[in-house]
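An overview of the molecular structure
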Amino acid sequence: MLDGVTRAKAPARLPVVLSKAEVLALLDSLTGIHRLFGQLLYGSGLRIMEGVRLRVKDVDLRGRAIVVRDGKGAKDRITMLADRLVRPLRQQLGALRRLHEMDLRDGYGSVWLPHALARKYPSASREWGWQYVFPADRRATDPRSGIVRRHHISDQSFQRALREALRRSGVVKLATPHTLRHSFATHLLESGHDIRTVQELLGHSDVRTTMVYKHVLNRGGRGAVSPFDRLAATEADSDG
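Residues numbered from 1 in each chain as written. Predicted model: local features only at pLDDT ≥ 70, side-chain atom pairs only at ≥ 80, totals over all residues. Heavy atoms only, no water.

1. Observations regarding the packing of helix α1 (residues 20-28) against helix α7 (residues 177-190)
Direction vectors running N to C along α1 and α7 enclose 145°, while the axes themselves pass 11 Å from each other. For the element pair α1 and α7, the recorded crossing hand is left-handed. Counting all contacts with α1, which are made through K20, V23, L26 and L27, the residues of α7 involved are L180, S183, H187 and E190. (Axes fitted to C-alpha atoms, helices over the stretch in contact; angles between N-to-C directions. Helix = DSSP H or I, 4+ residues; strand = E, 2+ residues; numbered from the N terminus. Left-handed = near helix turned anticlockwise from the far one by under 90°. Contact = heavy atoms within 4.5 Å.)

The structure is reproduced here in structure tokens:
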């Protein structure tokens, strides 16, 4: 309270959300592996680091699900996998399998594992299920261990690809990779899914965090009629 006046809490900043047409234009402007990656961020509501760290064992094509391990707040969750992404993901996993087998033949094929897992299962880093779904183009030396490994794709490489796609698509909003997650949530609510379902898919611990997307839907006074539109009705009545 200041001089008898209580300061109002500043409203939460509304996220940038793309329309469905804008999402389609943006994703279609991505190329190569970045297109599938962007489609997965939007189709499953993933954060960018959840996407780059996704492992083979956490993609359930039959069950149409993605398991997110150690997400924000060190929590695991299950989110949806779009039917339209099953076929391209199956193709991606097939190409990845051939790449992994080549790495193994060359004497490599291991990926980074959390230290507790690496100690408990020393051979797990070379197993198929632990491979990254979106691997880097080249093997590199892990500076922490000195082991030559194939890491996941760089989050920065996707950010650059998205900026270029944004320019090509003609979408004028200042979209980032996280905008795809915002759009996922907003479009789910727009299509009639309840707030608790969206909260669970996003992995929010507090439903109030998810409620911001309700505010996005209400932006511009949806459901209300502009008084300017009512002028037309008044004019029509007076003309009659």
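2. Quick word on helix α4 (residues 86-105)
Compared with an ideal rise of 1.5 Å per residue, which puts 20 residues at 28 Å, α4 spans 29 Å between its outermost C-alpha atoms and is within 8% of the ideal. What α4 keeps buried is the set V86, L89, Q92, L93, L96, H100 and D103. What you see down the axis of α4 is that its buried residues fit within an arc of 115°, all on one side. Those residues of α4 that are exposed and angled more than 90 degrees off the buried face are R87, R98 and R105. (Expected span 1.5 Å × (residues − 1). Buried < 20%, exposed > 50% of the residue type's maximum accessible area, 1.4 Å probe, protein only. Arc of directions from axis to C-beta.)

3. Points about the packing of aromatic side chains
Scanning the entire structure with this criterion turns up 2 aromatic pairs. Ring centres of F37 and F158 lie 4.8 Å apart, and the angle between their planes is 65°; this geometry places the pair in the edge-to-face category. Highlighted residues: F37 in helix α2 (residues 33-44) and F158 in helix α6 (residues 155-169), separated in sequence by 121 residues. Overall, F37 belongs to the buried group, its relative accessible area being 0%. In textbook terms, an aromatic cluster arises when at least three aromatic residues are bridged by ring pairs, as seen for F37, F134 and F158. A cation sits over an aromatic face here: K57 above W130, 4.5 Å from the ring centre. (Phe/Tyr/Trp six-rings, centres within 6.5 Å; stacked < 30°, edge-to-face > 60°. Lys NZ or Arg CZ within 6 Å of the ring centre and 35° of its normal.)

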